[in-house]
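# Structural features, examined
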Amino acid sequence: MSRFVRASKYRHVFGQAGKREYGYDNVKVSNSAWDTNLISASARYISINWSASGGGAFAVLPLPSPFGQALHDVPSKLPDIIPLARTHTAPVLDTAWSPANDTLVASASEDGTCLLWKVPDALFEGWTSDGWEPRDLEPVARVDVSPRKVGQVLWHPTAANVLATASGDHCVRLWDLADPARPRATLTGHGDMIQSLTFNATGSIIATTCRDRKLRLFDARASGDPVRVTDGHGGIKGARVIWMGDGDRIATTGFSKMSDRQVVIWETGGLGSVKTLTLDQSAGVVMPFWSDNGILFLAGKGDGNIRYYEYESDMLYALAEHKTAEPQRGMCFLPRRALDVSECEIARAFKVTNSGVEPIAFIVPRKSDSFQSDIYPPAPSSEPSLTAAEFFAGRTAPVNLVNLENGAVFASDVSSHAPPPATVQPMVVSMAPAPEPIVVNPSPPVTPTVTKCASVPPTTSSPGVSPAPVRSESLPADCQHVFVPNEVCYSLILLLAAI
């Protein structure tokens, strides 16, 4: 075993679960068999797929914190009846919060629709007062996606009011919510049910996993056909995909033909596998989550642990595991701009159990109370970079970032992660002056071994007299100025005499 330990500022990251009263209990989680995370989070609220009669519903609750009580006056043990978003006529399968609006959430359902909901500030007032009556939420917009169920919904990372849906007719559709009557793009080519989808950092490329065991890349605006297709995991059970930041790598989780749980890193240029890691042989689907710190979190359904790995140079280095006795049914992570930097919290997970929600903070142990800039790279902000019209017109822009120390918002420079383009400088040609005579510096005296012949008398040289420079008639005049030392001439004459 190597005696050297790889240097990493995240080597001692640990998970800290909040107290029981900091989470939520008496949560009636949906019993739908659809493979989903069951929960989603914005910087202010969480949404949970709810088990309700008479159609589908989900609940919206204030954001729980592992460091204290929620901001609103909501009890830890929820009442049996709470406000719900229950307009869907079939179970809700997925929810997603807008990255540009922490109060706007989209829901996807088995009834083939996608509904948009706006959370009012007064939703949580009076929950603990006498005579309080819950008032359900009403949708603000409706998108008729497909006659089949809608399994996934995802917001565009940089363009405002752009939504992606994946439905049971094996299509991914992109919508401009200003005109939800028709999709602006339809991505086809899937041979079976779509299991997951993800955008790259600028939202120009979409990656999908499918039950036909294929991994596909789509240009979100070019055409409906995939631009790259390759074989994914060998097993037919659930596969997930996540884009690894603003680079050209994606990570997938799935099963091998021998039912081993795997995580694979792919390069998107040719969809080639660059790293495969076998986890174990458990049966639960592995949910991947990426942090811009370069950490990949893996949470398996039915597991009580959360693995996390640091990614560097196409390698995954195991950091640690957060282990609990209670298994998780679903999970999501908080947007990084809402983390508690005073606690050195680099990520926060919300774990869904059979009847509760538990916040878990992942902390880098530091003694200093000042802002730790080395563990807090800028996070995606809530300000969109594009309008929907600009995006569908073909424009691409990097995500706007926020400095977690002072809240300043600025545009990210995606080119900073790639080698800078070469700058061609103009070449100036100038006429060089005529060359000077080349003077050969004298070398140390060389005493050759010479066999003397009697017929050739020894040659002597007068002291202080230097031989004339040797000239060649075949050389140009400017190359004739070559000076030869006395010792070299004398050695040459002796050698010639010996021959």
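The sections below set out a description of the structure shown in this document.

Conventions used here
The numbering scheme is per chain: residues are counted from 1 as the chain's sequence reads. Per-residue local features of the predicted model are confined to residues with pLDDT of at least 70, and side-chain atom pairs are confined, for both listing and counting, to 80 or more; whole-chain, interface and lining totals are unaffected and use all residues. Side-chain descriptors were evaluated using all non-hydrogen atoms of the structure, hydrogens and water having been removed beforehand. Numbering goes from the N terminus for both helices and strands, where a helix is a DSSP run of H or I of at least four residues and a strand is a run of E of at least two. Working definition: with a 1.4 Å probe on protein chains only, accessible area under 20% of the residue-type maximum means buried, over 50% means exposed, and in between means partly exposed. A contact between two residues is defined here by any heavy atoms of the two lying within 4.5 Å. For every accessible area listed, the method is Shrake-Rupley and the probe measures 1.4 Å; residues are considered covered only by the protein chains on display. Any two strands between which DSSP finds at least two bridges are classified as paired. To get an axis, a line is fitted to the C-alpha atoms, and for a helix only the part in contact is used. The angle between two axes follows their N-to-C directions and goes from 0 to 180 degrees. Cavity means a closed set of points on a 1 Å grid over the protein atoms alone, one where a 1.4 Å probe fits but cannot get out, pocket means an open set with protein on both sides within 12 Å along at least 5 of 7 lines, and lining means a residue has an atom within 4 Å of a point. Grid points are joined across faces, edges and corners, and a volume is the space filled by probe spheres set on the points. Under this grouping Gly is polar, as are all residues other than the nonpolar Ala, Val, Leu, Ile, Met, Phe, Trp, Tyr, Cys and Pro and the charged Asp, Glu, Lys and Arg. Each reported salt bridge corresponds to a side-chain nitrogen of Lys or Arg within 4 Å of a carboxyl oxygen of Asp or Glu. Within 3.5 Å is the distance limit for a polar contact, defined as a pair of N or O atoms, with the added protein rule that one can donate a hydrogen and the other accept it, and that residues adjacent in sequence qualify only through two side-chain atoms. Remark: nonpolar core denotes a set of buried residues (Ala, Val, Leu, Ile, Met, Phe, Trp, Tyr, Cys) joined through side-chain atoms within 4.5 Å.

## A closer look at the overall build of the chain
Check the secondary structure of the chain and you find two helices and 32 strands. Counting only residues that meet the buried cut, the chain has 45% of its 499 residues in that class. Looking at the chain alone, contacts between residues at least 24 apart form 54% of all its contacts between residues at least 6 apart. If you sum the accessible surface of the chain, you get close to 25200 Å²; carbon and sulfur atoms cover 54% of it.

## Let's talk about unusual backbone geometry
If you check the backbone angles, Arg213 has positive phi at about 65° while not being a glycine. Tracing the chain through its elements places Arg213 in the loop between strand 16 (205-210) and strand 17 (214-219). The partly exposed category is assigned to Arg213, whose relative accessible area is 40%. Positive phi, close to 60°, is recorded for Asp314, a residue that is not glycine. Take Asp314: it is sitting in the loop between strand 25 (305-312) and strand 26 (315-323).

## Some points on the sheet that holds strand 23 (residues 286-291)
Strand order in the open sheet made by the four strands is 23-24-25-26, with antiparallel pairing throughout. Of all the strands in the sheet, just strand 23 and strand 26 have a single pairing partner and so form its edges. Strand-to-strand, the axes of this sheet are offset by a mean angle of 25°, without reference to chain direction. The pairing of strand 25 with strand 26 spans eight bridges and is antiparallel. When the sheet's bridge partners are listed, Tyr308 is paired in strand 26 with Ala320.

## Some thoughts on the environment of His12
With respect to the element layout, His12 can be found in the segment before strand 1 (14-17). Placed 351 residues apart in sequence, His12 and Ile363 show a C-alpha to C-alpha distance of 8.5 Å. Among all residues touching His12, those that are not within four sequence positions of it are Ile363 and Pro365.

## Side note on empty space enclosed by the protein
On inspection of all chains with the given rule, the structure shows three cavities of 30 Å³ or more. The space that makes up the largest cavity amounts to roughly 90 Å³. In this structure, the largest cavity is lined by 15 residues; those nearest its centre are Cys210, Arg213, Gly232, His233 and Ala239. Looking at the lining of the largest cavity, the elements that each hand over two or more residues are strand 16 and strand 17. Residue composition of the lining of the largest cavity, by class: five nonpolar, six polar and four charged. Estimated volume of the second largest cavity: approximately 60 Å³.

## Considerations on the sheet that holds strand 15 (residues 194-199)
The antiparallel open sheet is built from four strands, whose spatial order is 15-16-17-18. Where the open sheet ends on each side, the last strands, each with one partner, are strand 15 and strand 18 (228-231). Neighbour to neighbour, the strand axes of the sheet diverge by 15° on average, direction disregarded. Where strand 15 and strand 16 come together, five bridges link them in antiparallel fashion. Its bridge partner lying in strand 16, Leu197 is registered against Thr208.

## Details of the pattern of salt bridges
Tallied over the entire structure, the rule returns 24 salt bridges. With a closest N to O distance of 2.7 Å, Arg261 and Asp303 form a salt bridge. In this pair, Arg261 is assigned in strand 21 (residues 261-267) and Asp303 in the loop between strand 24 (295-300) and strand 25, connecting sequence segments 42 residues apart. Residue class for Arg261 comes out buried when judged on its relative accessible area of 0%. Of the charged contacts in the structure, one is a salt bridge between Asp292 and Arg336, with a shortest N-O distance of 3.8 Å. Placement of the pair is Asp292 in the loop between strand 23 and strand 24 and Arg336 in the loop between strand 27 (330-333) and strand 28 (345-352), with a sequence separation of 44 residues. Asp292 sits in the partly exposed class, given a relative accessible area of 37%. Several salt bridges share partner residues, and in doing so they unite Arg261, Asp280, Asp303, Arg307 and Glu321 into one network.

## Here we look at the environment of Ser273
As for its placement among the helices and strands, Ser273 is situated in strand 22 (residues 272-278). Distance from Ser273 to Ile250, taken between C-alpha atoms, is 9.8 Å for residues 23 residues apart in sequence.

## A closer look at the pairing of strand 5 (residues 57-62)
Counting buried residues along strand 5, six of its six residues qualify, which places the element largely inside the surrounding structure. Where strand 4 (residues 45-50) hands over to strand 5, the hairpin turn is made up of six residues, of which Gly54 adopts a positive phi near 75°. As defined by bridge partners, strand 5 adjoins strand 6 (residues 84-85) across two bridges and the pair is classed as antiparallel. Residue pairing for strand 6: Ala59 is matched across the bridge by Leu84.

## What to know about the side chain of Thr165
Take Thr165: it is sitting in strand 12 (residues 162-167). Only 3.0 Å separates the side chain of Thr165 from the side chain of Trp175, close enough to count as a polar contact. Those residues within four positions of Thr165 in sequence are excluded, and the remaining contacts are Cys114, Val145, Val150, Gln152, Val153, Cys171, Val172, Arg173 and Trp175.

## Some remarks on the nonpolar core
Ranked by size, the top nonpolar core spans 37 residues in total, and within it Ile46, Val60, Leu78 and Phe350 carry the most contacts. Among the elements of the structure, strand 3 (39-41), strand 4, strand 5, strand 6, strand 7 (92-97), strand 9 (113-118) and strand 28 are those that each provide at least two residues to this core. The dominant element in this core, judged by the number of residues it contributes, is strand 5, at five residues. Those residues in contact with Leu78 that sit more than four places away from it in its chain are Tyr24, Asp25, Asn26, Val27, Trp50, Leu61 and Trp127. Of all hydrophobic cores here, the second largest spans 26 residues; its members include Phe297, Phe333, Val364 and Ala379.

All quantities given are derived from atomic positions and should not be read as evidence of function.
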